[in-house]
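Listed here are the chains, written in short residue letters.
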Amino acid sequence: MARSKIAAIKSWMKNMGFKLIKSHVINGRTTRINYYSLGSFGIYEEISKGIKDGNKIAADKLRFISWTPWGIDFEVNSVNDLSQAYHDSINYNPDMVLT
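Residues numbered from 1 in each chain as written. Predicted model: local features only at pLDDT ≥ 70, side-chain atom pairs only at ≥ 80, totals over all residues. Heavy atoms only, no water.

1. Here's the deal with the sheet that holds strand β3 (residues 41-48)
In spatial order, the strands read β1-β2-β3-β6-β7; together these 5 strands make up an open sheet with antiparallel pairing. Bordering the open sheet on either side are β1 (19-26) and β7 (73-76), each of which pairs with just one other strand. Neighbour-to-neighbour, the strand axes of this sheet turn through a mean angle of 25 degrees, independent of strand direction. Both strand β6 (residues 61-67) and β7 contribute to a ladder of 4 bridges, which runs antiparallel. Within β7, the position partnered with Ser-66 by the bridge is Phe-74. (Pairing = 2+ DSSP bridges. Helix = DSSP H or I, 4+ residues; strand = E, 2+ residues; numbered from the N terminus. Axes fitted to C-alpha atoms, helices over the stretch in contact; angles between N-to-C directions.)

Written out as structure tokens, the structure is:
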């Protein structure tokens, strides 16, 4: 993902009020997962270091995946994707959104 898209997504999340709720490392410390939440809607940031079997194989990768408590999730590739997913979540179940 392009750095400009990453910056735009992170800026949108910050402006909307998403909070970091959990962070952990998987795959032998090569991948970090950061979970962010706003009400019942969330997104996680997956940061892979590009290491396989102890050897650097590629540049770091970063991707965002949205999630909801009722099991809907998909990869987010732009602010528009994330905004649409958030508004769809509110429309799907407005009672779950916390202010």
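There's more to say after this.
2. Some words on the packing of aromatic side chains
A complete count under the given rule lists 6 aromatic pairs for this structure. Ring geometry for Trp-12 versus Tyr-86: centroids 6.2 Å apart, planes at 75 degrees, classification edge-to-face. Of this pair, Trp-12 sits in helix α1 (residues 3-16) while Tyr-86 sits in helix α2 (residues 79-92); the two residues are 74 residues apart in sequence, bridging distant segments of the chain. Residue classification places Trp-12 among the buried positions, given a relative accessible area of 15%. Taken together, a centroid distance of 5.5 Å and an interplanar angle of 75 degrees make the contact between Phe-41 and Tyr-86 edge-to-face. Separated by 45 residues along the polypeptide, Phe-41 in strand β3 and Tyr-86 in helix α2 bring together distant segments of the chain. (Phe/Tyr/Trp six-rings, centres within 6.5 Å; stacked < 30°, edge-to-face > 60°. Buried < 20%, exposed > 50% of the residue type's maximum accessible area, 1.4 Å probe, protein only.)

Note that every value here comes from positions in space, so none of it alone points to a role or purpose.
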